[in-house]
Amino acid sequence: ILLSWLFLILCIAIKIDSRGPILFKQKRVGIHKTHFMIYKFRSMRVDSEKTGAQLAKKNDDRITPVGHVIRSLHIDELPQLFNILKGDMAFVGPRPERPEIAAQYCEEMPEFSLRLSIPEFDFRLKMKAGLTGYAQVFGKYSTTPYDKLKLDLTYIENYTFALDLMIIIQTVKILFQKENSEGLDTG
């Protein structure tokens with residue numbers, strides 16, 4: 001209710017900026033490998049993945065003018081509050097990946113945890129995915145998948161309510177840092 005005015009402004013701006021739906025939904029892998037639809041304000045052209053799944057890049061020409069603004073302010077993620085209300089996600093946890101990207105990461109990182117006898121990447125799925133997380137706060141968008149995995153595992157193995165509070169406080173701080181929303185550098 002408190003953000004309804006902002007949601008209304010964003011909906012109008014996105015609709016005026018480019019054709020297509022206001023919200024973008026995409027299948028993600030959640031806790032215990034369950035799939036759910038994640039919601040975001042659409043920041044890219046409708047046909048942005050006609051050649052297949054790909055991560056955003058620095059200076060990505062698929063991003064709309066309004067998309068650049070909402071990504072830099074991190075407000076494209078606000079509809080994920082509905083995912084939290086539905087129970088698909090938590091405020092803090094490992095970021096949910098797309099099924100095809102998660103499968104690719106499992107192939108690229110086949111190491112097994114000695115204690116768990118499961119791929120380490122799948123160990124991330126023992127917790128609910130989060131709107132923010134340890135890897136988002138202490139990594140960057142361009143942090144390698146392997147390093148993000150190590151950060152996620154550090155969070156899971158050291159989880160406390162106090163750690164969640166610290167991550168939420170740090171998240172507010174990084175909202176004002178441009179480099180956290182720029183995308184991958186193609187170099």
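That block above? That's the structure.
All values derive from a computational prediction rather than experimental measurement.

*Asks:* Looking at this structure, I do not really get helix 1 (residues 4-17). What am I missing?
*Replies:* Two residues of an α-helix separated by three or four positions point the same way, owing to the 3.6 residues in each turn. Over its 14 residues, helix 1 extends 20 Å from the first C-alpha to the last, a length consistent with the 20 Å expected when each residue adds 1.5 Å. For helix 1, the full list of buried residues reads L6, F7, L10 and I14. Take helix 1 and look down its axis: the buried residues cluster within an arc of 95°, on one side only. Relative to its buried face, helix 1 has exposed residues pointing more than 90 degrees away, namely W5, L8 and I16. Buried residues belonging to helix 1 abut strand 2 (35-41), helix 2 (65-72) and helix 3 (80-86).

*Asks:* What is the right way to look at helix 8 (residues 161-174) in this model?
*Replies:* Relative to the 20 Å expected for 14 residues at 1.5 Å per residue, helix 8 spans 20 Å between its end C-alpha atoms, a close match to the ideal helical length. Turning to helix 8, its buried residues number three or more, namely L163, D164, I167, T171 and I174. One side of helix 8 holds all its buried residues, which, seen down the axis, span an arc of 100°. Away from its buried face, by an angle of more than 90 degrees, helix 8 presents the exposed residues F161, A162 and I169. Tucked inside the fold, the buried residues of helix 8 contact strand 3 (89-92), strand 4 (129-132), helix 6 (134-138) and helix 7 (145-157).

*Asks:* Is there a simple way to explain the nonpolar core in this structure?
*Replies:* Burial of nonpolar side chains together is a common tendency in soluble globular proteins. The biggest cluster of nonpolar side chains holds 20 residues, and the ones touching the most others in it are F121, Y134, Y155 and I167. Going through the elements one at a time, helix 4 (99-108), helix 5 (120-123), helix 6, helix 7 and helix 8 are the ones with two or more residues in this core. Beyond its immediate sequence surroundings of up to four residues, I167 is in contact with V92, T132, G133, Y134, V137 and Y155. Counting residues in hydrophobic clusters, the runner-up holds nine residues, among them L6, L10, I75 and L78.

*Asks:* Explain the pattern of salt bridges here, please?
*Replies:* Side chains that carry opposite charge are capable of pairing whenever their charged atoms lie near each other. Under the criterion given, the structure shown has eight salt bridges. Between E77 and K40 there is a salt bridge; the shortest N-O distance is 3.6 Å. Remark: K40 occurs in strand 2 and E77 occurs in the loop between helix 2 and helix 3; sequence separation between them is 37 residues. Judged by relative accessible area, which is 16%, K40 ranks as buried. Between R124 and D152 there is a salt bridge, with the nearest N and O atoms lying 2.7 Å from each other. Taken together, the residues R124 in the loop between helix 5 and strand 4 and D152 in helix 7 connect sequence positions 28 residues apart.

What counts, and at which threshold
All residue numbers here refer to positions counted from 1 along the written sequence of the relevant chain. Side-chain atom pairs in this predicted model are given and counted only at pLDDT of 80 or more, local residue features only at pLDDT of at least 70, and totals for whole chains, interfaces and linings cover all residues. Calculated side-chain values reflect all of the structure's heavy atoms, with hydrogen atoms and water omitted. A helix here means a DSSP run of H or I that spans at least four residues, while a strand means a run of E at least two residues long, and both kinds are numbered starting from the N terminus. Take the number of residues in a helix, subtract one, and multiply by 1.5 Å to get its expected span. Think of it in three bands: with a 1.4 Å probe and only protein chains considered, a residue is buried below 20% of the maximum accessible area for its type, exposed above 50%, and partly exposed in between. By arc we mean the arc of the directions from the helix axis to the C-beta atoms, nothing more. By the convention used here, residues are in contact when the closest approach between their heavy atoms is within 4.5 Å. The term nonpolar core refers to a set of buried residues drawn from Ala, Val, Leu, Ile, Met, Phe, Trp, Tyr and Cys, joined through side-chain atoms within 4.5 Å. Whenever Lys or Arg places a side-chain nitrogen within 4 Å of a carboxyl oxygen from Asp or Glu, that contact is recorded as a salt bridge.

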